[in-house]
Amino acid sequence: MENVCCTKDRIIDIAIEMFAKKGYENVSMNEIAKEVGISKPAIYYYFESKEKLFIEMMNVVTEKFLNSIEEVFEKDVPPEQKLLNMIETMFEKTKEKPKIFRIIHGLNIEDTKAEFVLKFKDRFRFIRENLRKIIIEGKNSGKFRQDIDPEVFMPCFNGSISLHIIRYIKGDDIDLSRERARKVWDLFLKGLLTKQEE
């Protein structure tokens, strides 16, 4: 059983490396098997298809990430602090697993061969739902403006974070530091106008 687990873990590790480097669509099970040092029939003993391999790989590597984000939402802190904590956590997890985020952002969601990606991304729906709750909580507490539309805020907020992450995983000269996270957070809270212009 130990050897089975070790081989399975190695397949996943190699798959991460190859998917990150070449993209999901450009890597075959045969190539992964060769890199691992096992036969093609052997890799299908562990994973019945590339899709199944990918899904299990993503389940394994994103579990900690999802748990970390969930902890952000569960903490009993003001809504504005939850937003900052979320940005910091997203940045930190990207730095820990840049190859995983490179794979996610490299997927062609429109490709009919990758319909399973929609199911995978659906797991992240709870992030949007909890962001909506944070905005509503902030409005109810008087911390946030009453005219803020959560449906407008969420894509702006997520888009900003995603762009920072994409630039980082593509090798741009950008540091996903706590300082940058606070600057992004500050911009969302205070906007561009000076107090005199408000």
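Residues numbered from 1 in each chain as written. Predicted model: local features only at pLDDT ≥ 70, side-chain atom pairs only at ≥ 80, totals over all residues. Heavy atoms only, no water.

With that settled, consider the overall build of the chain. Helix and strand counts for the chain come out as ten helices and zero strands. In the chain, the order of α-helices and β-strands from amino to carboxyl end is α-α-α-α-α-α-α-α-α-α. Here the chain holds 198 residues, and the buried ones make up 39% of them. A sequence separation of at least 24 residues applies to 67% of the contacts in the chain between residues at least 6 apart. When the accessible area of the chain is evaluated, it comes to approximately 12200 Å², of which 49% is carbon and sulfur surface. (Helix = DSSP H or I, 4+ residues; strand = E, 2+ residues; numbered from the N terminus. Buried < 20%, exposed > 50% of the residue type's maximum accessible area, 1.4 Å probe, protein only. Contact = heavy atoms within 4.5 Å. Areas by Shrake-Rupley, 256 points an atom, 1.4 Å probe, with all protein chains shown as cover.)

Attention now goes to the nonpolar core. Within the largest apolar cluster, 28 residues are counted, with the highest numbers of intra-cluster contacts made by L83, M86, I87 and F157. Elements that contribute at least two residues to this core include exactly α4 (50-74), α5 (79-96), α8 (125-141), α9 (150-169) and α10 (178-190). In contact with M86, not counting residues within four places along its chain, are V72, F73, I127, L131, F157 and N158. Counting 25 residues, the second-largest nonpolar core is a separate cluster that includes I16, A20, M29 and I104. (Core = buried A, V, L, I, M, F, W, Y, C linked by side-chain atoms within 4.5 Å.)

Take helix α6 (residues 98-106) next. Residues separated by three or four positions in an α-helix point in the same direction, a consequence of the helix having 3.6 residues per turn. Taken as a whole, α6 has its buried residues at I100, F101, I103 and I104. Looking down the long axis of α6, one finds its buried residues gathered within 155° of arc, a one-sided arrangement. (Arc of directions from axis to C-beta.)

The topology assignment puts N85 in helix α5. Polar side-chain contacts of N85 include one of 2.8 Å to the side chain of Q81. Discounting chain neighbours no more than four positions away, the residues touching N85 are V72 and V77. (Polar contact = N/O pair within 3.5 Å; in protein donor to acceptor, adjacent residues only side chain to side chain.)

This part takes up the confidence of the model for the chain. Chain-level statistics for the chain give a pLDDT mean of 85 and a share of 87% at 70 or above. Per-element confidence in the chain ranges from a low mean pLDDT of 61 for helix α7 (residues 116-122) to a high of 95 for helix α2 (residues 29-36). (pLDDT = per-residue confidence, 0-100.)

By secondary structure assignment, the location of N130 is in helix α8. At 2.7 Å, the side chain of N130 forms a polar contact with the backbone oxygen of F126.

What follows deals with the pattern of salt bridges. Tallying each qualifying case throughout the model produces 13 salt bridges. A salt bridge links E88 to R178; its shortest N-O distance comes to 2.8 Å. Placement of E88 in helix α5 and of R178 in helix α10 is noted, with a sequence separation of 90 residues between them. Residue classification places E88 among the buried residues on the basis of a relative accessible area of 12%. The shortest N-O distance in the salt bridge between D186 and K190 comes to 3.2 Å. One end of the pair is D186 and the other is K190, both in helix α10 and four residues apart, which spans about a single turn. Taking the relative accessible area as the measure of exposure, K190 reaches 57% and is therefore exposed. (Salt bridge = Lys/Arg side-chain N within 4 Å of Asp/Glu carboxyl O.)

Turning our attention to the environment of I69. Position of I69 among the secondary structure elements: in helix α4. Owing to a relative accessible area of 0%, I69 belongs among the buried residues under this scheme. Taking the C-alpha atoms as reference points, I69 and K93, 24 residues apart in sequence, are found 9.7 Å from one another. The contact partners of I69, leaving out residues within four places of it in the chain, are T89, M90, F126 and I127.

Here we take up the packing of aromatic side chains. Working definition: an aromatic ring pair is given by the centre-to-centre distance plus the angle between the planes. The final tally for this structure, using the stated rule, is eight aromatic pairs. An angle of 85° between the planes, with centres 5.0 Å apart, marks the rings of Y45 and Y46 as edge-to-face. Aromatic side chains F153 and F188 sit 5.8 Å apart centroid to centroid with 75° between the ring planes, which places their arrangement in the edge-to-face category. In this pair, F153 sits in helix α9 while F188 sits in helix α10, placing the two residues 35 residues apart along the sequence. (Phe/Tyr/Trp six-rings, centres within 6.5 Å; stacked < 30°, edge-to-face > 60°.)

In contact at an axis separation of 9 Å, α5 and α8 are set at 150° when each is read in the N-to-C sense. Between α5 and α8, the angle is such that the two are roughly antiparallel. Contacts from P79, K82, L83 and M86 of α5 reach α8 at I127, L131, I134, E137, G138 and S141. Per-class residue counts for the contact of α5 with α8 are six nonpolar, two polar and two charged. (Axes fitted to C-alpha atoms, helices over the stretch in contact; angles between N-to-C directions. Parallel < 35°, antiparallel > 145°, perpendicular 65-115°, else oblique. Nonpolar A, V, L, I, M, F, W, Y, C, P; charged D, E, K, R; others polar.)

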